[in-house]
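Per-entry structural report
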Amino acid sequence: MSDTAQSVTIRYAIMPSPIGELFIAATASAVVHLAFENHDFHSVRAKLEAAYGMPVQRDDAALEYATQQLAEYFAGTRKYFELPVQQPAPDRFMTRVQQNLSSIPYGETRSYGQFATQLENPGAARAVGSACARNPIPLIQPCHRVVRSDGSHGEFSGTAGAKQYLLAFERGERPSAPTS
C-alpha cells in the first residue's frame, strides 16, 4: 500500500477492559472514536467510513500508544490521557462541551447544570447532556464524569453499568465488572 493510501486510512484496535471490549479508532494524527462492546463494531466501522470517506482497517500496532494509555487507566496508574483527539461536532456548543470534559478532575463529577455554568451557558444543562451522550470519544474525553443534579448517572454512550463502574473506580473503590 502506498504512503498516500496509508495516510487516508482510519486504523482501529479492539482491546479488553474491565467494562468489556473497547473499539478505538484513529487517523495517523488523532483518535477519532471509542466505542464500548454494547455497540456493533461492524456498524461503528461502517459509520466511520461514511463519516470520513475513507477505509477503516484493523491495525492493533498502529493504536498501541492509545491502547497502552487505556490499559494504564484501567490499571489505576493513569489519571488523564495524552492523546490527540479529533471529532467532527455538528455545532460549536457540542465542540465546547467535548473539548472541556477533561477539565473535570479524575474522581470528581459535575452535574449537567454545573458543567453548563462552567461553560458560561447556565441554561444549557440539557444541551450538555445531549453533547455528552453523543461524545464519540468517551473515557478519553471523560463524559462519564457528568451526572444529573441528583447524582444519578444520566445518559452514557456505554452501558449504565459501565458508567457506574468508571465512577466507582475513579473514586478509588474496586467495583465488580459491570453486567450488560
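About the thresholds
- Residues numbered from 1 in each chain as written.
- Predicted model: local features only at pLDDT ≥ 70, side-chain atom pairs only at ≥ 80, totals over all residues.
- Heavy atoms only, no water.
- Helix = DSSP H or I, 4+ residues; strand = E, 2+ residues; numbered from the N terminus.
- Expected span 1.5 Å × (residues − 1).
- Contact = heavy atoms within 4.5 Å.
- UniProt positions renumbered as here; feature names shortened; annotations may be inferred.
- Salt bridge = Lys/Arg side-chain N within 4 Å of Asp/Glu carboxyl O.
- Buried < 20%, exposed > 50% of the residue type's maximum accessible area, 1.4 Å probe, protein only.
- Phe/Tyr/Trp six-rings, centres within 6.5 Å; stacked < 30°, edge-to-face > 60°.
- Core = buried A, V, L, I, M, F, W, Y, C linked by side-chain atoms within 4.5 Å.
- Arc of directions from axis to C-beta.
- Polar contact = N/O pair within 3.5 Å; in protein donor to acceptor, adjacent residues only side chain to side chain.
- Pairing = 2+ DSSP bridges.
- Axes fitted to C-alpha atoms, helices over the stretch in contact; angles between N-to-C directions.

Named according to an unreviewed UniProt entry, the protein is Methylated-DNA--[protein]-cysteine S-methyltransferase originating from Yaniella flava.

**Notes on helix α3 (residues 64-75)**
With 12 residues, α3 should cover 16 Å at 1.5 Å per step; its first-to-last C-alpha distance of 16 Å lies within 8% of that length. At its buried positions, α3 is contacted by β1 (10-15), β2 (22-26), β3 (31-36) and α7 (160-170). At the C-terminal side of α3, G76 shows a positive phi close to 85 degrees.

**Here we look at the UniProt feature "domain: Methylguanine DNA methyltransferase ribonuclease-like" (unreviewed entry) in the protein**
When the UniProt feature table is mapped onto this chain numbering, "domain: Methylguanine DNA methyltransferase ribonuclease-like" (unreviewed entry) sits at residues 10-86. Between the C-alpha atoms that bound residues 10-86 there is a distance of 12 Å. The span itself is 31% helix and 26% strand.

**Overview of the pattern of salt bridges**
Inspection of the entire model under this criterion finds six salt bridges. Across the pair R78 and E72 runs a salt bridge, and its minimum N-O distance is 2.8 Å. A relative accessible area of 15% means that R78 is categorised as buried. Classification of E72 by relative accessible area gives partly exposed; the value is 24%. E170 is the salt-bridge partner of R145, the closest N and O atoms lying 2.8 Å from each other. Placement of the pair is R145 in the loop between α6 (125-133) and β6 (146-147) and E170 in helix α7, with a sequence separation of 25 residues. The residues R145 and E170 share a single accessibility class, namely buried.

**Topic: the packing of aromatic side chains**
Summed over all chains, the structure comprises eight aromatic pairs. Seen from their ring centres, F23 and F41 are 5.4 Å apart, and the 35 degrees between their planes marks the pair as tilted. Highlighted residues: F23 in strand β2 and F41 in helix α2 (residues 41-52), separated in sequence by 18 residues. With a centroid separation of 6.2 Å and an interplanar angle of 80 degrees, the aromatic rings of Y73 and Y106 are classed as edge-to-face. Here Y106 lies in the loop between α4 (92-100) and β5 (110-111) and Y73 lies in helix α3, a separation of 33 residues in the sequence. The same class applies to Y73 and to Y106, which are both buried. Each residue in the set Y73, F74, F81, Y106, Y165 and F169 is aromatic and connected to the rest through ring pairs, giving one cluster.

**Overview of the nonpolar core**
Counting residues in hydrophobic clusters, the biggest one holds 24 residues, and the most contacted among them are I24, L139 and I140. Listing elements by their share of this core, those giving two or more residues are β1, β2, β3, α3 and α7. Among residues more than four places away in sequence, those in contact with L139 are L22, L34, F36, L70, Y73, F74, F81, H144 and L166.

**Overview of α4**
Three or more residues of α4 are buried, namely F93, M94, V97 and Q98. Viewed end-on, α4 has its buried residues packed into an arc of 130 degrees, placing them on one side of the element. Facing away from the buried side of α4 by over 90 degrees, the exposed positions are R92 and Q99. Those residues of α4 hidden inside the fold are in contact with α5 (112-118) and α6. For α4, the N-terminal cap is D91; the gap from its side-chain oxygen to the backbone nitrogen of F93 is 3.1 Å.

**Concerning the sheet that holds β3**
One open sheet holds the four strands; their spatial order is β3-β2-β1-β4, and the pairing between them is mixed. Lying at the two open borders of the sheet, with one neighbouring strand each, are β3 and β4 (56-58). Geometrically, the sheet is characterised by an average inter-axis angle of 25 degrees between neighbouring strands, direction not taken into account. Alignment of β2 against β3, held across five bridges, turns out to be antiparallel. Pairing of A25 across the sheet is with H33, part of β3. Against the sheet, α2 touches β1, β2, β3 and β4, its axis set at about 155 degrees to β3.

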